[in-house]
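# Descriptive analysis of the structure
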Amino acid sequence: MPYPKSPFRDDVDAGILFGSAGDEETTVNEIQKGLEILEWLCQTPEITSFRVNTLKADPGDVREYIRTHVQKVLGADSALKIEQHPHCEEAIIIHHPKVANPQLKINDNEVIVDTVCAAAVLRGAHIYAPGVMGMTSGSQIGGHVSVYADVAKKCKKGLQRVYNHKKIFLGNGIIKMDRHQLFRDNHNKIPPTGVAVKMVETISNCPPLLGDDFLPTGVALLQNLPSIICVHVLDPRPQDTILDMCASPGNKTTHIAALLKNQGKLIAIDKTSPKIAQLKQRCETFGAQVEVIQADSTKLVEECRLSPKTFDKILLDAPCSALGKRPQLLNTTRVKVLRSYVPLQRKLFQNAVQLLKDDGMLVYSTCTVTLAENEGIVAWALKNFDLDLVEASPLLAGQGLQGTRLKEDDLKKLQRFGPAQSIDS
């Protein structure tokens, strides 16, 4: 297998991430499921998804626009399957199933990239200059090169020989910028920009064409399918008053606005000025009518920024350890940091409950996989607040993990994306 078994180093294991909460002993089954999730995190999803902005475009038209773009880049006989999701018609899905043992040629010349760049490459990006760590001497523009990820984090910028530390083969590409352009002495301290290597093939089988810059501005954006489904679970309706508590960059906010058809009332909050600027820009680009407020969502009630029992529906897409992003070839997050999010999530949840109407609906979501930040928060909330847990709809993923006080019936109401499911996102 070209992918590692875990993105973490030895101090973070399955027991820490997925072990039982409290004093209960973690079972072998829980650890085994955790190991499967860790391996899954390292692998590239088999689909790429776009979310169409229905305030500006028709999903069917955008699907055909994407199909035409794919055929232009890959040829009219491209076998990529492109479809609208049956439960979320504004989601355009491109299927690129992985090849079990890709037989790709290894070139003499190589490029080394950091792991952030590597993840983007495996999701369909070309290699931009800032991500290049090394390039063998003698590599010339137009030449073919093999690309590797530096998972040892020991490659020094400007390396000109073959890298002999731990690395992962990503695929092959064509050089667009040479060593002089990438690593020359730059007295003005202006970093090089632009595509350094145009990818031709990757071990993920995800074609290098799936950025969203080929689409008209504001028409659609790349968005993972679980994020799209999350807003459908919230079920925005034109008469609703809705709060998005941690809204930047605005992907879910603009989706809510689209499902509201810019009716009802939608308030979006984030804490810092840069995040507010990003949120406002996304709303403007997508034509979303949103009241944007800069505030600390852990103090909304305490500081009287919003009145209790105001909202029909609240989305709490909480800050988290973000371990659900795929693929992850290396993650250096320490255990102390991983454990720091739960107190913040509880404070946010506490405010959300106070702001929700008695018959209102609160959707809690994260982009992480740990037990403590997901099932653990739900179990804590049901213990401490007068809340009823209802089944997510649409329910397209697997049930929650064991290891908390949640009963089996409760776990079936949760929605956890993971390995061995029909949606590999």
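An unreviewed UniProt entry lists the chain under the name Methyltransferase NSUN6, with Asbolus verrucosus given as the organism. The UniProt entry for the chain carries this comment under Sequence similarities (unreviewed entry): "Belongs to the class I-like SAM-binding methyltransferase superfamily. RsmB/NOP family."

## Thoughts on the overall build of the chain
Per the secondary structure count, the chain includes twelve helices and 15 strands. Here the C-alpha radius of gyration of the chain, 23 Å, is about what a compact globule of 425 residues would show, namely 22 Å. With the C-alpha coordinates of the chain rotated into their principal frame, the extents come out at 70 × 50 × 45 Å. Among the 425 residues that make up the chain, the fraction classed as buried is 52%. For the chain, the proportion of contacts with a sequence separation of at least 24, taken over those separated by at least 6, is 75%. In the form shown here, the chain has an accessible surface area of approximately 20,600 Å², with 48% of it arising from carbon and sulfur atoms.

## Observations concerning the side chain of Thr48
Relative to the helices and strands, Thr48 is located in strand S1 (residues 47–52). Reaching out from Thr48, the side chain makes a polar contact with the side chain of His96 at a distance of 2.7 Å.

## Some details on the packing of helix H6 (residues 225–234) against helix H7 (residues 251–260)
Running from N to C, H6 and H7 point in directions that differ by 45 degrees, and their axes come no closer than 10 Å. Overall, the two elements H6 and H7 adopt an arrangement that is oblique. As H6 runs across H7, the sense of the crossing is right-handed. Across the interface between the two elements, Ser227, Ile228, Cys230, Val231, His232 and Leu234 of H6 pack against Lys252, His255, Ile256 and Leu259 of H7.

## A look at the nonpolar core
Counting 35 residues, the largest nonpolar core has Ile127, Leu170 and Leu329 as the members making the most contacts within it. Taken together, the elements giving at least two residues each to this core come down to strand S4 (110–113), helix H4 (115–122), strand S6 (132–135), strand S7 (144–150), strand S8 (167–175), helix H5 (179–183) and strand S9 (195–202). Apart from the residues lying within four places of it in its own chain, the contact partners of Leu329 are Tyr3, Pro4, Pro7, Cys42, Thr115, Ala118, Leu122, Ala149, Val151, Ile168 and Leu170. Grouped together as the second largest cluster of nonpolar side chains are 29 residues, Ala247, Ile256, Leu266 and Val290 included.

## Notes on the UniProt feature "binding site: S-adenosyl-L-methionine" (unreviewed entry) in the chain
Residues annotated in UniProt with the feature "binding site: S-adenosyl-L-methionine" (unreviewed entry) correspond here to Asp270, Asp296 and Asp317. Look at the named residues: they lie 48 residues apart in sequence, but the longest C-alpha span between them is just 14.2 Å, so in the fold they bunch up. In this structure Asp270 comes out as buried when scored by relative accessible area, which is 8%. On the secondary structure map, Asp317 appears in strand S14 (residues 311–317).

## Observations regarding the domain arrangement of the chain
Once the domains are mapped, the chain shows domain 1 (110–202) and domain 2 (225–413). Summarising the inter-unit geometry, the C-alpha centres of domain 1 and domain 2 are found 37 Å apart. Between domain 1 and domain 2, the residue contacts involve ten residues of the former and five residues of the latter. Where domain 1 abuts domain 2, roughly 570 Å² becomes buried across the two surfaces, and 76% of that area is made up of carbon and sulfur atoms. The interface formed by domain 1 and domain 2 holds zero salt bridges in total. In this structure, the connection of domain 1 to domain 2 is made through one residue pair in polar contact (both at pLDDT 80 or more). Every element with two or more residues in the side of domain 1 that touches domain 2 is listed here: H4 and S8. The element that contributes the greatest number of residues to the side of domain 1 that touches domain 2 is H4, accounting for four residues.

## A closer look at the packing of aromatic side chains
Applying the stated criterion across every chain, the model contains six aromatic pairs. Judged by centre distance (6.2 Å) and plane angle (85 degrees), the rings of Phe349 and Trp380 are edge-to-face. You can see Phe349 sitting in helix H10 (residues 341–355) and its partner Trp380 sitting in helix H11 (residues 375–384), a full 31 residues away along the chain. For the pair formed by Phe349 and Trp380, the shared burial category is buried. Pairwise contacts between aromatic rings join Phe349, Tyr364, Trp380 and Phe385 into one cluster. Lying across the ring of Tyr148, Lys167 places its NZ or CZ 4.4 Å from the centre.

## Describing the sheet that holds strand S3 (residues 91–95)
With respect to topology, four strands assemble into an open sheet ordered S2-S3-S1-S10, the strand pairing being antiparallel. Taken across any chain shown, the strands that pair with only one partner, and hence form the sheet edges, are strand S2 (81–84) and strand S10 (220–222). The mean angle between the axes of side-by-side strands here comes to 20 degrees, regardless of whether they run parallel or antiparallel. Where S1 and S10 come together, three bridges link them in antiparallel fashion. Bridging from a neighbouring strand, Arg51 pairs with Leu221 of S10. Of the strands in this sheet, S1, S2, S3 and S10 are in contact with helix H3 (residues 59–74), which crosses S2 at around 170 degrees.

What counts, and at which threshold
Residues numbered from 1 in each chain as written. Predicted model: local features only at pLDDT ≥ 70, side-chain atom pairs only at ≥ 80, totals over all residues. Heavy atoms only, no water. UniProt positions renumbered as here; feature names shortened; annotations may be inferred. Helix = DSSP H or I, 4+ residues; strand = E, 2+ residues; numbered from the N terminus. Rg over C-alpha atoms; globule rule 2.2 N^0.38 Å. Buried < 20%, exposed > 50% of the residue type's maximum accessible area, 1.4 Å probe, protein only. Contact = heavy atoms within 4.5 Å. Areas by Shrake-Rupley, 256 points an atom, 1.4 Å probe, with all protein chains shown as cover. Polar contact = N/O pair within 3.5 Å; in protein donor to acceptor, adjacent residues only side chain to side chain. Axes fitted to C-alpha atoms, helices over the stretch in contact; angles between N-to-C directions. Parallel < 35°, antiparallel > 145°, perpendicular 65-115°, else oblique. Left-handed = near helix turned anticlockwise from the far one by under 90°. Core = buried A, V, L, I, M, F, W, Y, C linked by side-chain atoms within 4.5 Å. Domains from an automatic or database assignment. Buried area = accessible area lost by both parts, 1.4 Å probe. Salt bridge = Lys/Arg side-chain N within 4 Å of Asp/Glu carboxyl O. Phe/Tyr/Trp six-rings, centres within 6.5 Å; stacked < 30°, edge-to-face > 60°. Lys NZ or Arg CZ within 6 Å of the ring centre and 35° of its normal. Pairing = 2+ DSSP bridges.

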